[in-house]
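# Topology and contacts: notes
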Amino acid sequence: MAQVYDHGGGVRSVQVPIPDNPLGHTLVYVVETDRGPVLVDTGWDDPDSWDTLTEGLTACGTGIGEIHGVVITHHHPDHHGLSGRVREASGAWIAMHAADSAIVRRTRETRAERWFTYMTAKLEAAGAPEEHVAPLRTARRGRLPGFSPALPDREIVPGELLDLPGRRLRAIWTPGHTPGHVCLHLEEEHPAELPGHGRLFSGDHLLPEITPHIGLYEDPDDATVTDPLGDYLDSLERIGRLAPAEVLPAHQHVFTDASARVEELLAHHEERLTDLRSLLAEPLTPWQLAERMEWNRPWEQIPYGSRNIAVSEAEAHLRRLVKLGRAEAVPGSEPVTYVAV
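This write-up is about the structure you can find in this document. Model, not experiment: these values are computed from the prediction. (Residues numbered from 1 in each chain as written. Predicted model: local features only at pLDDT ≥ 70, side-chain atom pairs only at ≥ 80, totals over all residues. Heavy atoms only, no water.)

Let us look at the side chain of D78. Among the structural elements, D78 can be located in helix 2 (residues 77-80). Residue D78 is classed as buried on the basis of its relative accessible area of 10%. Polar contacts involving the side chain of D78 include one to the side chain of H79, which spans 3.3 Å. If we ignore the near neighbours within four places in the chain, the residues touching D78 are I18, L23, T26, G43, W44 and H251. (Helix = DSSP H or I, 4+ residues; strand = E, 2+ residues; numbered from the N terminus. Buried < 20%, exposed > 50% of the residue type's maximum accessible area, 1.4 Å probe, protein only. Polar contact = N/O pair within 3.5 Å; in protein donor to acceptor, adjacent residues only side chain to side chain. Contact = heavy atoms within 4.5 Å.)

Okay, structure coming up:
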């Protein structure tokens, strides 16, 4: 049975399950407009997820064939996965920020073999042990989840109102979790007249109880030196200044006092950077740093795939420390090690 919530003012949400994932579900928002309902995100491409979404839309008083448009906060498969099926069933347009659209386009054009090659090289450079890297060399190179995402047909332009007749929904670019992540500010009085400035669909940028993953994922064909954690922290401060009355995130539950949550997250990352700098009293590779970082369980209990994510997060924090002049790469080290400055 689909879980559906009415948030007032023509906004509802459907809990769409994510298979085999501790997050549990994606909150897909259904926004009424003068031309029919528009979805904010769609959920994971899975038969059970699709069935739940369609049941939920019926419970909201509409149907999949009535969807006018789909606004995607970011390209991850638990948000963008079902967009193609929604468009096929309804003729809806799909909108996404250009930076994430570029990732979708590259993903569609990339064979799975190239992804395995990229991950192998990335982990070797991070100092991963051979027993961790070896399975990537021999893995089955079949279709991977999320490797055929729908190409968006509209671009979300930061600062501009989206084409939602009868609504005022403005895009705010909040890079960090992905390069093209956007939050969506509903510039309308809160239906329960809560104090603050409208409502914010926050995607994965601002969640009530968990910290979104900020990892270093770079296009091997692009020489740009990125700083995703720095981007995320800057984006957080921008959302804090916005001070929405209520936040409608893509996971967990709706919450108020966005500014307080932003302050918590800024303090969390500053504390983490300080802790990591103290670990770098001795030269460490990104893998060694990840092994020593504090996670929600001991390193020995972290599954294989989650270790790859953890190393990417360690790399993002290292990149930030280097940019701040608080750490540096040790010249000539192979694989590269970092030490506090």
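Attention now goes to the environment of T42. Structurally, the position occupied by T42 is in the loop between strand 4 (38-40) and helix 1 (47-59). Along the sequence, T42 and L279 sit 237 residues apart, while their C-alpha atoms lie 40 Å from each other. Setting aside residues no more than four positions away along its own chain, T42 makes contact with V16, V28, L53, V70, I72, H79, H80, G81, L82, S83 and V86. Within the structure, T42 has its side chain in polar contact with the backbone nitrogen of L82 (distance 3.2 Å). A distance of 3.2 Å separates a polar side-chain atom of T42 from the backbone nitrogen of S83.

Applying the stated criterion across every chain, the model contains two aromatic pairs. Seen from their ring centres, W287 and W299 are 5.4 Å apart, and the 85° between their planes marks the pair as edge-to-face. Taken together, the positions of W287 in helix 9 (residues 286-292) and W299 in the loop between helix 9 and helix 10 (304-323) put the pair twelve residues apart, joining distant regions of the chain. Here W287 matches W299 in class, with each residue buried. Over the ring of W50 we find R85; its NZ or CZ atom is 4.2 Å from the centre of that ring. When the ring centre of Y217 is taken as origin, the NZ or CZ atom of K122, which lies over that ring, is 5.4 Å away. (Phe/Tyr/Trp six-rings, centres within 6.5 Å; stacked < 30°, edge-to-face > 60°. Lys NZ or Arg CZ within 6 Å of the ring centre and 35° of its normal.)

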